[in-house]
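Chain and residue survey
Each chain, written out:
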Amino acid sequence: TRELMGAARRYQALHEHLLGLDCPSLVQADWIEQGINLRGRWVPVLKMRWAQGQHLYAHVQENLEKPQALLHIADLWVGLAWELRRLGVAHGNLQPDHVLVGRRPTGTLALRLIDYDGIFVPSLAGEAPEKLGHPNYQHPPRLWQKRYDGDSDRFPQLVIYTALRALATRGAALWERFDRGDNLLFREQDFQEPASSALFQMLWQIQDPLLHAATGRLLL
């Protein structure tokens, strides 16, 4: 439905990088150059294994009154971040719409990432990103510097982790005040003007050492 200039290269690089590696959080994705023929013209398609799950935003909304459930998701999120770092992969566009909460065959919860148009693997170093991500989750300078490397996910990982810890502590009260339908508490303006952010001021008042540490790192 739209042109993705570097998509073929990106998905091929991802495929080659993950060969022989165990990465449960990423879904198998294959780029097919001759995918659909429209009036004599071939256009590519992306073929992905179906991933069953609930988007992270909806899962969080359903569990606002269940702090242990949110803390469990926060722990899974940390594990997912370590997994990507171990593999040298950055998703490049982390946001709740691209995170599915599903179950393993054993029945335990698991997180899986979808939409790899902005994916980074080491062989793509030096190239420009296809997407820069949602401004409610990205470090402000990245949106104009177009940073694209193995550290691209670190800020949005911390944003989502901090939001999950905060919601596990104050749940519905924070959600009702700061939810806008396309964010997890934080908005672009909070990162651009943290000194005047009502959300940051409220987070400092919550008596949770881990939340304080995460909030402080986010500010720094």
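Please read these numbers as outputs of a predicted model, since none were measured by experiment.

The next subject is the layout of surface pockets. Computed from the structure, the largest pocket encloses a volume of approximately 980 Å³. For the largest pocket, the lining is made up of 34 residues, of which Asp153, Arg154, Phe155, Gln157 and Leu158 are closest to its centre. Put simply, the parts of the chain that give the lining of the largest pocket at least two residues each are helix H3 (67–87), helix H4 (142–145), helix H5 (154–178) and helix H8 (209–219). Of the residues that constitute the lining of the largest pocket, the class distribution is 21 nonpolar, six polar and seven charged.

Before going further, it helps to spend a moment on the packing of H5 against helix H7 (residues 198–205). Look at H5 against H7: their axes get within 11 Å of each other, and the N-to-C directions meet at 120°. As judged from the angle between their axes, H5 and H7 are oblique. For the pair H5 and H7, the crossing hand works out as right-handed. Mapping the contact onto sequence places Thr162, Ala166, Arg170, Leu174, Arg177 and Phe178 in H5 and Ala198, Leu199, Met202, Leu203 and Gln205 in H7. Each residue belonging to the contact of H5 with H7 can be placed in one class, and the counts come to seven nonpolar, two polar and two charged.

By secondary structure assignment, the location of Gln138 is in the loop between strand S5 (109–113) and H4. Aside from chain neighbours lying at most four places away, what touches Gln138 is Gly92, Asn93, Leu94, Leu132, Gly133, Leu143, Ser152, Phe155, Pro156 and Phe191.

A few words now on the pairing of strand S4 (residues 99–103). Counting buried positions along S4 yields four of five residues, so the element is predominantly enclosed. Two strands pair when backbone bridges link them, and strand S3 (residues 54–55) and S4 are joined in this way by two bridges, in the antiparallel orientation. Bridge pairing in S4 places His55 opposite Leu100. Pairing of S4 with S5, which is carried by five bridges, proceeds in the antiparallel orientation. Counted as the bridge partner of Val101 is Leu111 from S5. Connecting S4 to the antiparallel partner S5 that follows it, the hairpin turn spans five residues, and Gly107 within it adopts a positive phi of roughly 100°.

Of note, the phi angle at Asp115 is positive, near 65°, even though the residue is not glycine. Mapped onto the fold, Asp115 is located in the loop between S5 and H4. The partly exposed category is assigned to Asp115, whose relative accessible area is 22%.

This part covers the nonpolar core. Residues Leu174 and Phe186 are the most contacted members of the largest nonpolar core, which totals 62 residues. Where this core is concerned, the elements lending two or more residues are helix H1 (7–18), helix H2 (56–62), H3, S4, S5, H5, H7 and H8. Among the elements that make up this core, the one with the highest residue count is H5 (twelve residues). When residues no more than four places from it in sequence are discounted, the contact partners of Phe186 are Asn136, Val159, Thr162, Ala163, Phe191, Leu199, Phe200, Leu203 and Leu218.

Scoring rules and cut-offs
Residues numbered from 1 in each chain as written. Predicted model: local features only at pLDDT ≥ 70, side-chain atom pairs only at ≥ 80, totals over all residues. Heavy atoms only, no water. 1 Å grid on protein atoms, 1.4 Å probe; cavity = no way out; pocket = protein on both sides within 12 Å on 5 of 7 lines; lining within 4 Å. Points joined across faces, edges and corners; volume = space filled by probe spheres on them. Helix = DSSP H or I, 4+ residues; strand = E, 2+ residues; numbered from the N terminus. Nonpolar A, V, L, I, M, F, W, Y, C, P; charged D, E, K, R; others polar. Axes fitted to C-alpha atoms, helices over the stretch in contact; angles between N-to-C directions. Parallel < 35°, antiparallel > 145°, perpendicular 65-115°, else oblique. Left-handed = near helix turned anticlockwise from the far one by under 90°. Contact = heavy atoms within 4.5 Å. Buried < 20%, exposed > 50% of the residue type's maximum accessible area, 1.4 Å probe, protein only. Pairing = 2+ DSSP bridges. Core = buried A, V, L, I, M, F, W, Y, C linked by side-chain atoms within 4.5 Å.

It is worth stressing that arrangement in space is one thing and function is another; only the former is reported here.
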